[in-house]
Amino acid sequence: MTNDFNDRSRSVDAEDEINLKRVIFILLQKWCWLLIITFLGAGGAYLYGKFTPKTYKIDSSIIVPEDRNALNLGSLFENEMPGGGKITINNEVELLKSYTLNHRVVDNLNWRTAWYEKDFLIWKGLYTREPFQVQENSNGLNAEGIFLYITLLDDKQYQVEADGTGMINNREVDISFLGKATLGQPFKHDYFNFTLHAKDELDVLPDKEFRFVFQNTNKQTFNYLKQIQVTQADKQGEVIRLILEGSEPLRNIHYLNELIRVYLDLKLGQQTQTQKRSLAFIDKQLSGISDSLQVAGTTFTEFRSQNQIIDLSAQGTMVMEQLGEIERQKSQQQIQLEYFRNLLTYLEKDENINQMSTPSVVGIEDPSLNALVLKLGDLYSRREILSFSAYESNPTLVLLNKEIRQVNEQLRENLLNLIDNAQISITSLETRQNRINNELNNLPGQEQQMINIQRKYQLTSEIYTFLLQKRAEIEIALASAVVDIQIIDPARMERIIPTGRSILILLLFGAFLGFILPVVVILLSDQLNSKIHLQEDVEKLTPLTIIGNVLHSREKSELVVIEHPTAPISESYRTIRTNLQYKFKEPGEKVIGIHSISPGEGKTFTSTNLASILAMNEKKTLLIGADMRKPRLHQIFSLDNQHGLSNYLVGQGTIKDIVKESLIDNLFIVPSGPIPPNPAELLERGRLKELIDWAKGEFDYIIFDNAPVSMVTDGLITSQQSDLNLFVLRYGVSDKDQLKFINEMTQKGTMPNAALVINDIKLSGYGYSYSYKYAYGKGYYAE
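Residues numbered from 1 in each chain as written. Predicted model: local features only at pLDDT ≥ 70, side-chain atom pairs only at ≥ 80, totals over all residues. Heavy atoms only, no water.

1. Regarding the pattern of salt bridges
Okay, step 1: Taken as a whole, this structure holds 22 salt bridges when the rule is applied.
Okay, step 2: In this structure, Arg261 and Glu258 form a salt bridge, with 2.6 Å as the shortest nitrogen-oxygen distance. Here Glu258 and Arg261 lie together in helix H7 (residues 249–307), a separation of 3 residues that amounts to about one turn.
Okay, step 3: Here Glu258 falls in the buried class, since its relative accessible area comes to 13%.
Okay, step 4: Here Asp760 makes a salt bridge to Arg730, at a shortest N to O gap of 3.2 Å. On the criterion of sequence distance, the pair formed by Asp760 in strand E22 (residues 754–763) and Arg730 in strand E21 (residues 724–730) is long-range, its members being 30 residues apart. Assigned by exposure class, Asp760 and Arg730 land together as buried. (Salt bridge = Lys/Arg side-chain N within 4 Å of Asp/Glu carboxyl O. Helix = DSSP H or I, 4+ residues; strand = E, 2+ residues; numbered from the N terminus. Buried < 20%, exposed > 50% of the residue type's maximum accessible area, 1.4 Å probe, protein only.)

2. Topic: the sheet that holds strand E10 (residues 209–214)
Okay, step 1: What the 6 strands build is an open sheet, ordered E3-E2-E10-E5-E6-E7; its pairing is antiparallel. Bordering the open sheet on either side are strand E3 (122–125) and strand E7 (171–182), each of which pairs with just one other strand. With direction set aside, neighbouring strand axes in the sheet form an average angle of 20°.
Okay, step 2: Two elements, strand E5 (residues 147–152) and strand E6 (residues 157–168), share 4 bridges in a ladder whose sense is antiparallel. Looking at E6, one finds that Thr151 is bridged to Gln159. (Pairing = 2+ DSSP bridges. Axes fitted to C-alpha atoms, helices over the stretch in contact; angles between N-to-C directions.)

3. Some thoughts on helix H16 (residues 603–615)
Okay, step 1: Between its first and last C-alpha atoms H16 spans 18 Å; for 13 residues at 1.5 Å apiece the expected length is 18 Å, and the two agree.
Okay, step 2: Most of H16 is tucked away, with 13 of its 13 residues classed as buried. (Expected span 1.5 Å × (residues − 1).)

4. Brief notes about a nonpolar patch on the surface
Okay, step 1: On the surface, Leu20, Ile24, Leu28, Trp31, Leu35 and Phe39 cluster together into a nonpolar patch covering about 630 Å² of accessible area.
Okay, step 2: Residue assignment for the nonpolar patch shows that the elements contributing at least two residues are helix H2 (20–29) and helix H3 (31–50). (Patch = residues over 30% accessible without salt bridge, like charges linked within 9 Å, V, L, I, M, F, W, Y side chains within 5 Å. Areas by Shrake-Rupley, 256 points an atom, 1.4 Å probe, with all protein chains shown as cover.)

5. Let's talk about unusual backbone geometry
Okay, step 1: Even without being glycine, Ser638 reaches a positive phi, approximately 55°.
Okay, step 2: With respect to the helices and strands, the residue Ser638 is situated in the loop between helix H17 (633–636) and helix H18 (645–649).
Okay, step 3: The backbone of Asn666 sits at a positive phi, close to 70°, despite the residue not being glycine.
Okay, step 4: Relative to the helices and strands, Asn666 resides in the loop between strand E18 (660–661) and strand E19 (667–670).
Okay, step 5: Taking relative accessible area as the criterion, Asn666 reaches 26% and is therefore assigned partly exposed.

6. A look at the packing of H2 against helix H12 (residues 503–528)
Okay, step 1: It is at 10 Å that the axes of H2 and H12 come closest, and there the two elements cross at 115°. Looking at the two axes, H2 sits roughly perpendicular to H12. In the packing of H2 onto H12, the handedness of the crossing is right-handed. Of the residues in H12, those in contact with Arg22, Val23, Ile26 and Leu27 of H2 are Val519, Ile522, Leu523 and Asp526.
Okay, step 2: Broken down by class, the residue content of the contact of H2 with H12 amounts to 6 nonpolar, no polar and 2 charged. (Parallel < 35°, antiparallel > 145°, perpendicular 65-115°, else oblique. Left-handed = near helix turned anticlockwise from the far one by under 90°. Contact = heavy atoms within 4.5 Å. Nonpolar A, V, L, I, M, F, W, Y, C, P; charged D, E, K, R; others polar.)

7. Quick word on the packing of aromatic side chains
Okay, step 1: Within the structure shown, the criterion is met by 22 aromatic pairs.
Okay, step 2: Centre to centre, the rings of Tyr99 and Phe222 are 5.2 Å apart; their planes meet at 40°, and the pair counts as tilted. Taken together, the positions of Tyr99 in helix H5 (residues 99–109) and Phe222 in helix H6 (residues 217–227) put the pair 123 residues apart, joining distant regions of the chain.
Okay, step 3: Accessibility expressed as a relative area gives 27% for Tyr99, which makes it partly exposed. (Phe/Tyr/Trp six-rings, centres within 6.5 Å; stacked < 30°, edge-to-face > 60°.)

In structure tokens form, the structure reads like this:
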């Protein structure tokens, strides 16, 4: 038998899969709560959708071509040299998401205040539809980040209220006040100083509530940085998509369009910054040379008029042309030398090379110098763009700084060589000038003066003409300068997309959430609940046979099979009576022990009704009250308990003295008798076996009503005299661990031929649930 029991136990332990039928049954038991909470979830979702501001998605897209030069400096050189690195899409995405660029956008839009109108439970934005105009008064600060609630009292006065935390000079302050003010008149408070003007075109009704807030530009910038999405539409493409989502679509449209405008202005400014600086340099030179040219021209004309000199001699003309050419070359060399020195000063101070004018402005056509200046300028521009969004420790920025230092060193060495060459050229030109000046001294005095004046005039005129030519070239370049970036789709109202969930989706989601949450709670509580609630709980934990299921009794009587023979619970005991014959293994077996693990499981209730139903079947039955610690049989059958089992076991009476006939035909009772100090020792005496042997010859069935086996050993002792031991388990009361205890006793042989009776099953439309409560339970024994 033990091996068979072990095999069945292993079979039970192997059942680990989820019992879908059990899950459905558990949920159907709580169908009412599930239905209520599902409706509540759907209702909550409906209210959420009804009273939550609707949100909209706004987008815009631009094309940023890659593989183009960052600066268009080559157009300024007659010999255009290849430029620096590429502008990558990733860099442009980071630039558009940079704090600096977005802060410029916020500054340009100047959204100092934001207005809202109360619509039942929600506040709706009033962008471009503000009911009042806020004028910030001079010599006053206004706290930022705290809502001011405005209610118009009449056509002149309004109520203003605030309660919360605001920011003054980057310091948090608690603000709480309620006051009145007049439209058009300054409102002054410790933390506010402004004037409210009503707009004529908006009809503001009295008692309508509005609110507004003074916004901080830094916080606005951070808020938009959190909201804006800047992504590359296609990893292989050149399209950048900008997306904003919010409850005020028009505000977001203006923001996106302004962001793109500021971005394009920045790119154009970076592209033309060198030309603009060159133009400023030329204008500065022209302003000085213009005066010099006018003075030289006047001096030349007056000298010819006063001395009546029309033309120079052939020798004088030749000398003047030679001197003029030398001075022109010398002047050009001096300008270039000054440019080289200034550029070297910039390099030594580690200043941005883009702040210098281009070499072509001063007539420098050195290809090597032009290439290095162009490359260094491009590197500085790339670093400026990257610095918008990258930290100093960024690997790309670190490599870029390293490359700038390398090009800087190459350019510095090149400039030192050019400075030396320019100085040598100037010295050579001065030597030639001195030689020709000696020839000039051999000419007449007036002709010498005429040559000097005319030479100065012509030199100034040539320089002036050269600068004007360069200025015209730069202006043409600036006029034709455009960025390669194209706007595909600007943000506009026709492209807004509602992003809020539809009412139907919200209802479905709310209903699903309202259903699934209680399901999880119910199933989780079932898993954590150690009580027996279903027959599957028993079948899964023990291989023992369930000989019968006793339905819940709605009657207060203990003898329900006698007083209500047609009740469903009476049929439960008839089923047990029928099944008993299949549990007795040998002819003549008739002793049944009724046990429970803990008090309150219906052991005595089962004993009395099982004995009664057997007696009703014309079976002579003896019910023995073996629970001598807390006897109850004599109370149920209204018998005297002065003489009972305990008296007999100590030798104070005979069997006939303790066997008492009940009011039920064929049912005889042995009450427990007075409570002895040592029930277990009494049961182990031989007189109990003598009683059982006598009873087997007189009765068809003998039933022991035993004490709970988990508390005392009385039931284990009587079980050895029993042919069949029935354990009573009560749904909702008995613990699952009790089945392990029963399995152990059965395996060890201390409880032979055991079976189960499931008590207190409440029959419903979907299955069993259990709620019967007995009058006794806790505190069964005082020991």
